[in-house]
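Architecture and fold: a report
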Amino acid sequence: MPDSDFVSIKEFAAILGVHPDTIRRSIRKGRINALRVGGGKRSVFRIPKSETNRMAVCDLEKIIDHLIEKRTQNITKLL
């Protein structure tokens, strides 16, 4: 993959509108796929741009699940 297919933690955080520390925690917990470039203390993470799409789909699935759950609760209340 060319370098243009990857973004830094700071760039990825800006895309998602979150703090870079949130991205770092998500990488450590395995929620975001990232590549470590370099070694030792000077290593950095590079995140594939495709992760943005994957995360958007995951968020959309959570939103849909939440809406279905609320709808089910409302129907149960009516019965």
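Criteria and cut-off values
Residues numbered from 1 in each chain as written. Predicted model: local features only at pLDDT ≥ 70, side-chain atom pairs only at ≥ 80, totals over all residues. Heavy atoms only, no water. Pairing = 2+ DSSP bridges. Helix = DSSP H or I, 4+ residues; strand = E, 2+ residues; numbered from the N terminus.

Quick look at the sheet that holds strand S3 (residues 44-48)
Spatial ordering of the open sheet is given by S1-S3-S2, a layout of three strands whose pairing is antiparallel. On the outer flanks of this sheet lie strand S1 (6-7) and strand S2 (35-37), each paired with one strand and no other. Direction of pairing for S1 relative to S3: antiparallel, over a ladder of two bridges. Counted as the bridge partner of Val-7 is Ile-47 from S3.

Focus on the pairing of S3
Pairing analysis gives three bridges linking S2 to S3, with the strands arranged antiparallel. Within S3, the position partnered with Arg-36 by the bridge is Phe-45. In sequence, S2 turns back onto S3 through a hairpin of six residues, with Gly-38 there showing a positive phi of about 90°.

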